[in-house]
Amino acid sequence: MFDDLRDLYQEIILDHGRKPRNFRRLEDADLSARGDNPLCGDRMDLWLKMTPDGRIADAAFQGRGCAISMASASLMTETVKGKSAEQAKALGARFRELAMTGACPDCGDLAEEMERLQPLAGVHEFPSRVKCATLAWHTLNAALEGNKEASSE
Amino acid sequence: MTDGPASSAPRLDVERLRRDFPILAQTVRGRKLVFLDSGASAQKPRQVIEAMVRCMEERYANVHRGAYFLSEAATEAYEAARGAVARFLNAADPREVVFTRNSTEAINLVAHAWGRGVMRPGQAVLVSEMEHHANLVPWQMLRDDGRGIALRVCRVTDDGELDLEDLAAKLADGKVGLVAVTHMSNVLGTVTPAERIVAMAHAAGAKVLLDGSQAAVHRRVDVQAIGADFYCFTGHKLYGPTGIGVLWARLEHLDRMPPFLGGGDMIASVTLERSEWAPPPAKFEAGTPAIVEAVGLHAAVDYVTALGWPAIEAHERALVDRAMRRLSGIEGLRLLGRAQDRGGVFSFALDNAHPHDLSTLLDRAGIAVRAGRHCAEPLHARFGLEGGTCRASFGLYTTEEEVDFLAEALVKAREFFG
């Protein structure tokens, strides 16, 4: 009945959705933000620990949401560690393009990182679910820009 | 003039009436559409669609204004719709029927005109935990308006019924001026004991508003038998168009209430200094109303009435029994609410899938359900389901096979998420 949904719900998504990585509070965080999708009730808190030279030393989150939003946040925290704020924002912009179109033609310089996020590309076929995948990245942007709140609405 | 509905026999001929709803014939992603979101908005029979087209093609002009044939014809059609709604609710007088945009606007009208115009400081409004936001937020706004009007909340039992002991306790000090509760929960399917609520409220000196957005679709409503003071419902859930809703209120209340919105058509006379209000219902219908939509609502009311409430209610009972039996047997599925008296609205959560993931899956099977908190966040918090639920809600056209198909899909969905 649901075989054609394996593109969207790949095993890696279900796995990260069930057991999100970096799902914890960072007590000594330098930056943080809360992301909200008021329409569906998804909510997450994101914490970042920065190095003196402005790189993301650690990223962690807690929250509630669907498998897509939890998996996306989980993969994101894994992917942005070690990146500068600018690199992380660039990654976010490309991820949003991937989520909306299913492809990322300008991903050359970040190809390796984007490869890890590729399992979420299938979401582009589900317009009402794109926001689930991008909420974590909106929240990351808000944290990096010193805003406390982000909304995917 | 119009084609009658497909059947007026005591037993609902569902296969035949489904042909009245053109949209149901389509496939979704290659699958037969199983539309189980009528509680959010119902599909429209061609009798409604055609009545609206005919109105625009043959009888359209502004109402209550022109002394010419078309305007008189449109006025007649608009007022005939009011009469049909009055009969539908068994109102004592068609002047008790005020057309609004939807239930939300009807409740806001009461919150403004009765809440701010008639209620006194020190009084309270009593709502319940299972209200749709439309019957909660306007009262929070009234409370926060600095007029000294409090807001109380009646609890809901674990079975999803109104806690009548709590209701009695919160009415006891005689300070409640208005009880505003749902007649049927849009999440739990619970039908509340309207007559009993009214009797308890009136004995405590409170008026009663019933939000009938769901109830008016699933049950015959008799506002005189219920004894309520205010009753509202919306057209689009009753197989009618969007943009038209109804506030019914006792004439004596409408007479006491100041207007809600000001403008044309709601005044008796206007000078630059002041205006005098028209009598109800015109007093509450400022501006050009939803004329075509009123005609559509009239057709919807006629459609439902011609099918007959005994047949509709029997069909609904069969669907509810089937759903209770099939859904409660599914491992890992939590069904919200187990009220004795309930209608065809079922909210549920799977133990291994978020409602949004589940609804995406069901959509692939052609099944349309709503996912989220269904404009009832406090109720979901009450049951510890902040992440929401999926909701299947039935209409005239829902079949027992569709209920079975939903149950089968839920079993497979649980396997899918593993």
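*Asks:* Looking at this model, I keep getting lost on the pattern of salt bridges. Mind explaining?
*Replies:* Two side chains that carry opposite charge are able to pair once their charged atoms sit near each other. All names here are of chain B. Within the structure shown, the criterion is met by 41 salt bridges over all chains. For Glu285, the salt bridge goes to Arg82, with nearest N and O atoms at 2.9 Å. Placement of Glu285 in the loop between strand 12 (275-277) and helix 11 (291-307) and of Arg82 in helix 3 (residues 69-88) is noted, with a sequence separation of 203 residues between them. Judged on exposure class, the residue Glu285 and its partner Arg82 are both buried. Arg322 is paired through a salt bridge with Asp404; the nearest N and O atoms lie 2.6 Å apart. You can see Arg322 sitting in helix 12 (residues 309-328) and its partner Asp404 sitting in helix 15 (residues 400-417), a full 82 residues away along the chain.

*Asks:* Could you clarify how one ought to interpret the packing of helix 3 of chain B against helix 11 of chain B in this entry?
*Replies:* A packed helix pair is summarised by two numbers, namely the angle formed by the two axes and the spacing between the axes. All names here are of chain B. Viewed as axis vectors pointing N to C, helix 3 and helix 11 meet at an angle of 35 degrees, and their least axial separation amounts to 8 Å. Relative to helix 11, helix 3 is oriented so that their crossing is left-handed. For the pair formed by helix 3 and helix 11, the contact residues are Ala77, Tyr78, Ala80, Ala81, Ala84, Val85 and Phe88 on the first element and Ile291, Ala294, Val295, Leu297, His298, Val301, Val304 and Thr305 on the second. Grouping the amino acids of the contact of helix 3 with helix 11 by side-chain chemistry returns 13 nonpolar, 2 polar and no charged.

*Asks:* Is there a simple way to think about the sheet that holds strand 16 (residues 370-372) of chain B in this case?
*Replies:* Within a sheet, each strand pairs with its neighbour through backbone hydrogen bonds, oriented either parallel or antiparallel. All names here are of chain B. An order of 13-14-17-16 is seen for the 4 strands of this open sheet, with the pairing classed as antiparallel. Here the strands that pair on one side only, and so sit at the sheet edges, are strand 13 (333-336) and strand 16. Along the sheet, successive strands turn relative to each other by an average axial angle of 30 degrees, direction set aside. In terms of strand pairing, strand 14 (residues 345-350) meets strand 17 (residues 389-393) through 4 bridges, oriented antiparallel. Pairing of Phe346 across the sheet is with Ala392, part of strand 17. Running at roughly 10 degrees to strand 14, helix 12 makes contact with strand 13 and strand 14 of the sheet.

*Asks:* I'm lost on the domain arrangement of chain B in this one. Help?
*Replies:* A common way to express how large an interface is: the accessible area buried when the components associate. All names here are of chain B. Taken domain by domain, chain B holds domain 1 (6-44 + 308-417) and domain 2 (49-305). Distance from the C-alpha centre of domain 1 to the C-alpha centre of domain 2: 27 Å. Taken residue by residue, the interface counts 41 residues in domain 1 and 35 residues in domain 2. Taken together, both faces of the contact between domain 1 and domain 2 bury some 3200 Å²; the carbon and sulfur share is 54%. On the surface where domain 1 and domain 2 come into contact, there are 3 salt bridges. Where Arg219 meets Asp341, a salt bridge forms, and the shortest distance between an N and an O atom there is 2.7 Å. Along the contact surface separating domain 1 from domain 2 lie 30 residue pairs in polar contact (both at pLDDT 80 or more). Those elements giving two or more residues to the side of domain 1 that touches domain 2 turn out to be helix 12, strand 14 and helix 14 (377-382).

*Asks:* Even after reading the chapter, I still don't get the interface of chain B and chain A, so can you show me in this structure?
*Replies:* On the side of chain A, 21 residues touch chain B, which itself brings 19 residues to the contact. Between chain B and chain A, roughly 1800 Å² of surface is buried when both sides are summed, and carbon and sulfur atoms account for 59% of that area. One salt bridge connects Asp4 of chain A with Arg364 of chain B, and the closest N-O pair in it is separated by 3.1 Å. Elements that contribute at least two residues to the side of chain B that touches chain A include exactly helix 13 (355-364) and helix 15 of chain B.

*Asks:* Help me understand a nonpolar patch on the surface, please; the structure alone is not making it clear to me.
*Replies:* Taken together, the side chains of Tyr68, Phe69 and Leu70 of chain B make up a nonpolar region of the molecular surface, amounting to roughly 330 Å² of accessible area. Its place among the elements puts Tyr68 of chain B in the loop between helix 2 (46-58) and helix 3.

*Asks:* Please clarify how the packing of aromatic side chains should be interpreted in this entry.
*Replies:* For any pair of aromatic rings, the description consists of the separation of the ring centres together with the inter-plane angle of the planes. All names here are of chain B. Applying the stated rule across the entire model yields 15 aromatic pairs over all chains. Judged by centre distance (6.2 Å) and plane angle (40 degrees), the ring pair of Phe88 and Trp309 falls under tilted. Here Trp309 lies in helix 12 and Phe88 lies in helix 3, a separation of 221 residues in the sequence. An identical accessibility class is assigned to Phe88 and Trp309; each is buried. Here Trp114 and Phe230 contribute two aromatic rings whose centre-to-centre distance is 5.5 Å and whose plane-to-plane angle is 70 degrees, an arrangement assigned as edge-to-face.

*Asks:* I'm lost on the nonpolar core in this one. Help?
*Replies:* Within the largest apolar cluster, 79 residues are counted, with the highest numbers of intra-cluster contacts made by Tyr9 and Ile68 of chain A together with Leu327 of chain B. Of the residues forming this core, the biggest block, 10 residues, is contributed by helix 5 (residues 130-144) of chain A. The residues contacting Leu327 of chain B, other than those within four sequence positions of it, are Leu333, Leu335, Phe346, Phe348, Leu406, Ala407 and Leu410 of chain B. Membership of the second largest hydrophobic core comes to 77 residues, among which are Ala42, Ala91, Val181 and Leu188 of chain B.

*Asks:* Can you walk me through empty space enclosed by the protein in this structure?
*Replies:* Residue and element names in this part refer to chain B. Within the structure shown, the criterion is met by 1 cavity of 30 Å³ or more. Its volume calculated, the largest cavity comes out at about 40 Å³. Lining the largest cavity are Val217, His218, Tyr239, Ile312, His315, Glu316, Phe394, Gly395 and Leu396. Counting residues per element, the ones that place at least two in the lining of the largest cavity are helix 8 (215-218) and helix 12.

So, how was this worked out
- Residues numbered from 1 in each chain as written.
- Chains lettered and ligands numbered in written order.
- Predicted model: local features only at pLDDT ≥ 70, side-chain atom pairs only at ≥ 80, totals over all residues.
- Heavy atoms only, no water.
- Salt bridge = Lys/Arg side-chain N within 4 Å of Asp/Glu carboxyl O.
- Helix = DSSP H or I, 4+ residues; strand = E, 2+ residues; numbered from the N terminus.
- Buried < 20%, exposed > 50% of the residue type's maximum accessible area, 1.4 Å probe, protein only.
- Axes fitted to C-alpha atoms, helices over the stretch in contact; angles between N-to-C directions.
- Left-handed = near helix turned anticlockwise from the far one by under 90°.
- Contact = heavy atoms within 4.5 Å.
- Nonpolar A, V, L, I, M, F, W, Y, C, P; charged D, E, K, R; others polar.
- Pairing = 2+ DSSP bridges.
- Domains from an automatic or database assignment.
- Buried area = accessible area lost by both parts, 1.4 Å probe.
- Polar contact = N/O pair within 3.5 Å; in protein donor to acceptor, adjacent residues only side chain to side chain.
- Patch = residues over 30% accessible without salt bridge, like charges linked within 9 Å, V, L, I, M, F, W, Y side chains within 5 Å.
- Areas by Shrake-Rupley, 256 points an atom, 1.4 Å probe, with all protein chains shown as cover.
- Phe/Tyr/Trp six-rings, centres within 6.5 Å; stacked < 30°, edge-to-face > 60°.
- Core = buried A, V, L, I, M, F, W, Y, C linked by side-chain atoms within 4.5 Å.
- 1 Å grid on protein atoms, 1.4 Å probe; cavity = no way out; pocket = protein on both sides within 12 Å on 5 of 7 lines; lining within 4 Å.
- Points joined across faces, edges and corners; volume = space filled by probe spheres on them.

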